[in-house]
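Remarks on the overall topology
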Amino acid sequence: MSGYRLPAGGRIDRNAPIRFRFDGKDYRGFAGDTLASALVASGVTVFGRSFKYHRPRGLLATGVEEPNALVTIDRGPGRVTPNLRAPSVALHEGLTAASQNRYPSLRLDLGAVNDKLGAFFPAGFYNKTFMWPRSAWEKVYEPAIRRMAGLGESPVTRDPDHYAATYAHCETLVIGGGPAGIAAALEAGGRGGRVILIDEQEEPGGGALADPAQWAWLEESLARLAALANVRVLTRTTAFGFYHRNFVGAVERLTDHLPPAGASGAREKLWRIRAGEVVLAQGAIERPLVFDGNDVPGVMLASAARTLALRYGVAVGRRVVVMAVHDSGWRDALALAAAVVTIAAIVDLRDAVDSRLLSAAEAAGIACRTGHAVTGVRGRLAVSGVEIAPGGTGAAERIACDALLIAGGWTPSVHLWSHARGTLRWDDAWGAYLPDAAIEQVRCVGACGGDWDFGGGVAVPALPSAKPAHRQKAFVDYQNDVKSGDIELAVREGYRSIEHIKRYTTNGMATDQGKTSNLNGLRIASEALARPVTQVGLTTFRPPYTPQTFGALMGHHKDALFQPVRKTAIDGWAMEHGAVFENVAQWRRARYFPQAGEDMHAAVARECRAVRESVGMFDASTLGKIEVVGPDAAEFLNRMYTNPWKSLLPGRCRYGLMLREDGFITDDGVAGRMADDRFHVTTTTGGAARVLAMMEDYLQTEWPGLNVWLTSTTEHWAVIAVQGPRARDVIAPLVEGIDLSPDAFPHMAVREGRICGVPTRLFRVSFTGELGFEVNVPAGHARAVWEAIDVAGQQFGITPYGTETMHVLRAEKGFIIVGQDTDGTVTPDDAGMDWAIGKKKRDFVGKRSLARPDMVVGGRKQFVGLLTDDPAEVLEEGAQIVADPAQPMPMTMIGHVTSSYWSATLGRSIALALVRDGRALMGEALYVPMPGRTIRATVCPTVFYDAEGSRLND
Amino acid sequence: MLLIHCPYCDEDRAEVEFVYGGEAHIARPPDPSALGDAEWEAYLYLRANPRGRHHERWRHTHGCGRFFNAVRDTVTDRFETTYKAGEARA
Amino acid sequence: MIEIAPLAIAATDLAVGAEPLAGRNVRLSLAPSAARYSLRARDAALLSAVIGRALPARIGEMVEGIACLGPDEWLALLPAGGVLALGEEQAVSVVDISDRALGFVLEGRGAAAAIASGCPLDLERFAVGRATRTLFETVEIVLFREDETRFRVEVWRSFAPWLWHALAAVIAEG
């Protein structure tokens, strides 16, 4: 092929020249060109190297169905995009593009050795060749094959662009801005209601853009659409998926067509559109023909050549041959001839062709060879000639040419129709599937619905030839290098279903999703199977219609907005005081507060000592809180928790244990009874939403008659835990209206009053085992109260502590953390918490399951403590435990370490674990095998410190 | 994204506002202690899982917050109807 | 426990803006402090008598600062310092949630579009005076339409920085 720019014609702006680079070389084009049209105009024939065989490939098509001309566009650092289709890349000044999958260059690609060794790379080769020795597959063959096969290279730097997103609603959504779509949009717009028309190209018009006779109508129609206030036209917008109830996802490309320096704002916008009615106007895609040599650069779809000439003013060659099985090939040839492109011959497999086409061709001086087929293509980096034969099997005749256009018929685009679960029916006249019945409010107009006149034709699986398929290089799927012989091979090897044939050969599985290969592959399989096409099946159409960027699909959730990071009202103080943070559920929490030069170990040790010896303060605001209110509040809690609640007096607190209906611990927390009909219930940080949802489920659907309501107050109340022997001393001067003396305010009680002038619910509770209070204040005042407590505590050396210290101190007291010491398979008895079950309660959630056979049998894992022989050895959380370290592998694992810390309080390590029949093993030695060594530890009770709890009662 | 008709709001709302709630009309036994192990296991774990018409619960979590029932075809994902909690099985 | 990835560190610096943000045709600002109450009852008349105020009858309606969000749920937005009776011992629930959320105000011709960027509701069908709980992307909000071109968005305190910046990005996009 030696393409060149025609002296006139096309929609390009010949007054606006553009310079661009391809593979390091400078080229020129015009505004309105695509990368493909400008390169063809410059005489480029080879656009890429094929995936597997590294065969030189040229441009096949001018739409998104293009399988060969895949390029990488470089818009600057972090903005390199691979696998774009050259005909979809709008040319702009300074565009920098590169071909892919070739080394060192397109013209000389060492990977072409794969083509010579093609016999070793048939379909499914990785199951058949390169099998010996087995170890060589992983170390030698696979890495080598991966390096040699492939398309573009993935970016390795973060995407600096930003992306926008929106929802939109309309009464009518028209997808496809060709003649049929524009007409539908005008009609809907005239009826009133909101109309959105989207088109994937740089300008609307579709097929009309390659037919100058329609340009006047096009301009006038677009002007009418623009004048309608209720119509929105989106170009450069691809509808990539059609989902339930007319929900369509689309991506609008905002800046890729602009020079990077001129691009500002979001690069792409995600449209999430809900439509009352969807009108699909996606058109049809021309089918290639399957024959030996059909992938030599210069072999192109006839409609693509027409588009190049009439829309872009580019001739594909100086002497063009057309191979058709369809009238449209003749129409395109005649249009090209009228545009002064020399057509040497039209070859048609059919013996009989419409006489009007024949006479028009003869009048244009075009040789006609009906009843003939192309049997071979000469040339490697560019077409230099073709061989044709009568019926494909007769005596060969050579025709010199530099481009071969192929017209295999048309396939209506039913992708989005199929996403929406519309059914299809086979149409013999089209030789393709057409839309049949819809389940959504959707209809098809124009070619995609079978309502277009391309003329008539025949459909053949492959062109007839004397050469057997397995000796032909006859490509079906250009992008995945699948030949007709591969499909026949799959059938010979026993594959019957098109789904299996597709996956075995990879036909239709490339980034073009088989737009030019699915139907040809189906026909070849049908013939090989000797079954009608309709019985072979059709593979599933799946979104996205064309590849989409992750950036667009993320919507607002990117970089700093990737996900909400929840912070408490006191978080700012923690940050200013050097806290190191950790993620807990969606929250960030202060883990520890290192002072100068401290590592975590040192900081935590200091914080722990400070709490036990004097006083510490901890931000517990993230804990879930639920206000349970109503006359039936206690009854409801009785049913939800294992504990009894009715006897709890107002002003008192109780630790509550919550099970799932299957009997396993799911959450816990202290609840305070504020009044007869009002409870302040707490949950774990991570369980807050889950617990409230579970409660609502039971309340709404099982016990709707109960007069009780649940309100989340997690974020209303900030919680400042003041823990340690001096805790009361610290808060006393700040608290009003509450008698803090031990008799008036015992452990596990709650009082209302004021602190620093702010209303407070003051709980006397302790997760540390020391005298402790949890100061609940409305979040808006939290920081001020925290700072006041800090000031008041200075004389006692008050120490802020984080979640790590909180974990260590509670572990020293043997308190479980749900989700760490439990894993959804732990019962109250397993955890040694039978005491939390109200024995007289007739029923509560999970009670019945505690009587299940597996729950009462011996051998369950039980919560125990572990003390390592070497007090300096801190076990790893999650480490497995065995009874006999000398047993052969695989060893019988009898449990695992759930929590493990260095205890500054005890001056040695402590650990908690779940161990089979653990309580019967008190005092026994168990073993923790680790890489390179085995650690010995002794089973002990879970309370390591102040087992009598005397420190709580001051 | 599905559109679901909340029978309380009496409006079609986007699926993202809802949370699926499993099979409907499975009442918690009033006296679980009276059930044998096989019956209790069936209540906990066994579900119809039909191909086709499925009676199920949804909760309009990010809307009115109510649980309600629906009949949905598990093959086409079409909702046949939705109705309030406590109403008779459709 | 999981450490925060460096990439996400930037997220933790987000805070609700101290000053209003103005775009081409939309302005985002923080609403003045308010008193908020969650009100529940099956007997609306009883609840109305307890708090001494009228209640809207239908889900989605607002009457003098009180919105009906569900068949037995109302949300009261009152001037700061407002106090409601708790209805002790009655079949009602009155809970002070004043500090649970923050209010944003979006006003201008572009206000609806800014909200539509992340909210799946058809705002052209969301009349003045309506209120509903819904979502902006993954963040739960309560949306009020105070006027043709003015909306109030209530969001839980810890999600407010994310929402502020998500809306700010939309406003900056113009």
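Once a new chain begins, its residue numbering starts again from 1 and follows that chain's sequence as written. Each chain takes a letter, starting from A, and each ligand takes a number, starting from 1, following the order in which they are written. Residues qualify for local features only when their pLDDT is at least 70, as the model is predicted, and side-chain atom pairs are given and counted only at 80 or more; totals for whole chains, interfaces and linings, by contrast, use all residues. Water and hydrogen atoms play no part in the side-chain values, which are based on all heavy atoms of the structure.

Under the DSSP-based scheme used, a helix requires at least four consecutive residues in state H or I and a strand at least two consecutive residues in state E, with every element numbered from the N terminus. Counting its regular elements, chain A contains 23 helices and 50 strands. Radius of gyration means the value over C-alpha atoms here, while the globule rule gives 2.2 Å times the residue count to the 0.38 power. Whereas a compact globule of 954 residues would reach a radius of gyration of roughly 30 Å, chain A reaches 38 Å, over 25% beyond that. Considered along the principal axes of its C-alpha atoms, chain A spans approximately 115 × 70 × 55 Å. Burial status follows relative accessibility: with a 1.4 Å probe on protein chains alone, a residue under 20% of its type maximum counts as buried, one over 50% as exposed, and anything between as partly exposed. In chain A, which comprises 954 residues, the proportion classed as buried is 61%. Note on areas: Shrake-Rupley, 1.4 Å probe, and residue coverage restricted to the protein chains presented here. When the accessible surface of chain A is summed, it comes to about 36,100 Å², and 54% of that surface belongs to carbon and sulfur atoms.

The next subject is the environment of A:T549. All names here are of chain A. Locating T549 in the fold gives a position in the loop between α14 (533-536) and α15 (550-554). The spacing of T549 and R79 is 470 residues in sequence and 12 Å in space, taken between C-alpha atoms. Two residues qualify as a contact provided that any one of their heavy atoms is within 4.5 Å of a heavy atom in the partner residue. Those residues in contact with T549 that sit more than four places away from it in its chain are Y163, R267 and E268. Within polar-contact distance, the side chain of T549 engages the backbone nitrogen of A552 at 3.2 Å. Polar contacts here mean pairs of N or O atoms no more than 3.5 Å apart (in protein, one a potential hydrogen donor and the other a potential acceptor; neighbouring residues in sequence count only if both atoms are side-chain atoms).

A word on the domain arrangement of chain A. Often, the extent of an interface is quoted as the loss of accessible area on bringing the components together. Domain delimitation follows an automatic or database domain assignment. Each domain of chain A was delimited in the assignment, giving domain 1 (4-113), domain 2 (159-285 + 409-454 + 541-563), domain 3 (460-531), domain 4 (602-810) and domain 5 (858-954). Once you take the C-alpha centre of each, domain 1 of chain A and domain 5 of chain A turn out to be 66 Å apart.

With that settled, consider the sheet that holds strand β6 (residues 79-84) of chain B. At least two DSSP bridges between two strands are required for those strands to pair. Strand order in the open sheet formed by four strands is β3-β4-β5-β6 (chain B), with antiparallel pairing between adjacent strands. Strand pairing shows two members of the sheet lacking a second neighbour, β3 (19-23) and β6 of chain B, which therefore form its edges. When the angles between neighbouring strand axes are averaged without regard to direction, this sheet yields 30 degrees. Comment: axis = line fitted to C-alpha atoms, over the contacting stretch for helices; angle = value between 0 and 180 degrees taken between N-to-C directions. Packed onto the sheet, helix α19 (residues 688-701) of chain A meets β4 (53-59) and β5 (67-73) of chain B and runs at close to 120 degrees relative to β4(B).

Below, the discussion takes up the nonpolar core. Considering soluble globular proteins, one finds that nonpolar side chains tend to be buried as a cluster. Residues and elements named next belong to chain A. In this structure, L35, M323, L404, I406 and L463 are the most contacted members of the largest nonpolar core, which totals 90 residues. By residue number, the principal contributor to this core is helix α7 (residues 302-312), which donates seven residues. Within this scheme, the nonpolar core is defined by two criteria: the residues are buried Ala, Val, Leu, Ile, Met, Phe, Trp, Tyr or Cys, and they are joined through side-chain atoms within 4.5 Å. If you look at the next biggest cluster of nonpolar residues, it comprises 41 residues, including F618, V750, I816 and A836.

Further remarks concern the packing of helix α17 (residues 600-613) of chain A against helix α22 (residues 803-812) of chain A. All names here are of chain A. At a closest axis distance of 9 Å, the pairing of α17 and α22 adopts a crossing angle of 55 degrees. When the axes of α17 and α22 are compared, the pair comes out oblique. Where α17 crosses over α22, the handedness of that crossing is right-handed. In this structure, α17 uses M600, V604, E607, C608, V611 and R612 to contact α22, whose residues at the interface are E804, T805, V808, L809 and E812. Note on residue classes: Ala, Val, Leu, Ile, Met, Phe, Trp, Tyr, Cys and Pro are nonpolar, Asp, Glu, Lys and Arg are charged, and everything else, Gly too, is polar. In terms of residue class, the contact of α17 with α22 is made up of six nonpolar, one polar and four charged. Note on terminology: angles under 35 degrees are roughly parallel, angles over 145 are roughly antiparallel, angles of 65 to 115 are roughly perpendicular, and the others are oblique. Two helices that cross are described as forming a left-handed crossing if the nearer one is turned anticlockwise from the farther one by less than a right angle, and a right-handed crossing if clockwise.

Right, let's talk about the interface of chain A and chain C for a bit. Of the residues lining the interface, 54 residues belong to chain A; the matching set on chain C comes to 52 residues. Buried area is understood as the total, over both parts, of accessible area removed when two parts are fitted together, assessed with a 1.4 Å probe. When the two sides are added together, the surface that chain A and chain C hide from each other amounts to roughly 4,400 Å², 54% of it contributed by carbon and sulfur. In the sections that follow, a salt bridge refers to a side-chain nitrogen of Lys or Arg positioned within 4 Å of a carboxyl oxygen of Asp or Glu. Inspection of the chain A/chain C interface yields four salt bridges. Salt-bridge contacts for A:R194 lead to C:E124; the nearest nitrogen and oxygen are separated by 3.5 Å. In this structure, the connection of chain A to chain C is made through 30 residue pairs in polar contact (both at pLDDT 80 or more). When contributions to the side of chain A that touches chain C are tallied by element, the ones reaching two or more residues are β9 (163-175), β31 (580-584), β32 (587-592), β34 (624-629) and β38 (709-712) of chain A.

We now examine the interface of chain B and chain C. With 13 residues of chain B in contact, the opposing surface of chain C contributes 15 residues. Together, the buried faces of chain B and chain C total about 1,000 Å²; carbon and sulfur atoms form 53% of this surface. Taken as a group, B:R13, B:H62 and B:R66 account for 39% of the area that chain B buries against chain C, more than any other trio of residues on that side. In this structure, the connection of chain B to chain C is made through two salt bridges. For C:D72, the salt bridge is made with B:R66, and the minimal N-O distance between the two is 3.4 Å. Here chain B and chain C share six residue pairs in polar contact (both at pLDDT 80 or more) between them.

As a further point, take the pattern of salt bridges. Residues and elements named next belong to chain A. All told, the structure shown has 85 salt bridges over all chains when counted by the stated rule. Taking the shortest distance from any N to any O, the salt bridge between R350 and D327 comes out at 2.9 Å. In this pair, R350 sits in the loop between β19 (343-348) and α9 (355-363) while D327 sits in helix α8 (residues 327-338), placing the two residues 23 residues apart along the sequence. Note on R350: relative accessible area 12%, which makes it buried. According to the relative accessible area criterion, D327 is buried, its value standing at 11%. The partner of R761 in a salt bridge is E752, and the shortest N-O contact between them spans 3.9 Å. Residue classification places E752 among the partly exposed residues on the basis of a relative accessible area of 49%. Through salt bridges with shared partners, one network takes in R55, R57, D115, D295, R380, K473 and D481.

Residue and element names in this part refer to chain A. Following both chains from N to C, one finds helix α11 (residues 484-492) and helix α12 (residues 498-505) inclined at 125 degrees, their axes separated by 10 Å at the closest point. The pairing of α11 with α12 is recorded here as oblique in orientation. Remark: the crossing between α11 and α12 carries right-handed chirality. Taken together, the residues of α12 that come into contact with α11 (itself represented by D486, I487, A490 and V491) are I501, Y504 and T505. A breakdown of the residues in the contact of α11 with α12 according to their chemical character gives five nonpolar, one polar and one charged.

Positionally, A:H716 belongs in the loop between β38 and β39 (717-723). According to the relative accessible area criterion, A:H716 is buried, its value standing at 3%. Of note is the side chain of A:H716, whose polar atom sits 3.3 Å from the backbone nitrogen of C:S98. At a separation of 2.9 Å, a polar atom in the side chain of A:H716 contacts the main-chain amide nitrogen of C:D99.

Before going further, it helps to examine the sheet that holds strand β7 (residues 93-96) of chain C. Backbone-to-backbone hydrogen bonds join strands into a sheet, with any given pair of strands oriented parallel or antiparallel. Residues and elements named next belong to chain C. Pairing within the open sheet is antiparallel, and its five strands lie in the order β4-β5-β6-β3-β7. The sheet is open, and its two edges are formed by β4 (62-63) and β7, each paired on a single side. The pairing of β4 with strand β5 (residues 66-70) spans two bridges and is antiparallel. Its bridge partner lying in β5, M62 is registered against A67.

To continue, consider the side chain of A:D619. Residue and element names in this part refer to chain A. For D619, the position within the fold is in strand β33 (residues 616-619). This count recognises Lys and Arg as positive and Asp and Glu as negative, with His and chain-terminal groups excluded. Lacking a salt bridge, the buried D619 has R589 as its closest oppositely charged neighbour, with an N-O distance of 6.2 Å. A polar atom in the side chain of D619 sits 2.6 Å from the side chain of T568. There is a polar contact of 2.6 Å between the side chain of D619 and the side chain of S621.

With that settled, consider the packing of aromatic side chains. Aromatic pairs are defined between Phe, Tyr and Trp rings, using the six-membered ring for Trp, whenever the two ring centres lie within 6.5 Å; interplanar angles under 30 degrees are classed as stacked, those over 60 as edge-to-face, and all others as tilted. This structure, assessed with the given rule, holds 21 aromatic pairs over all chains. Aromatic ring contacts, followed pair by pair, group A:W410, A:W430 and A:F454 into a single cluster.

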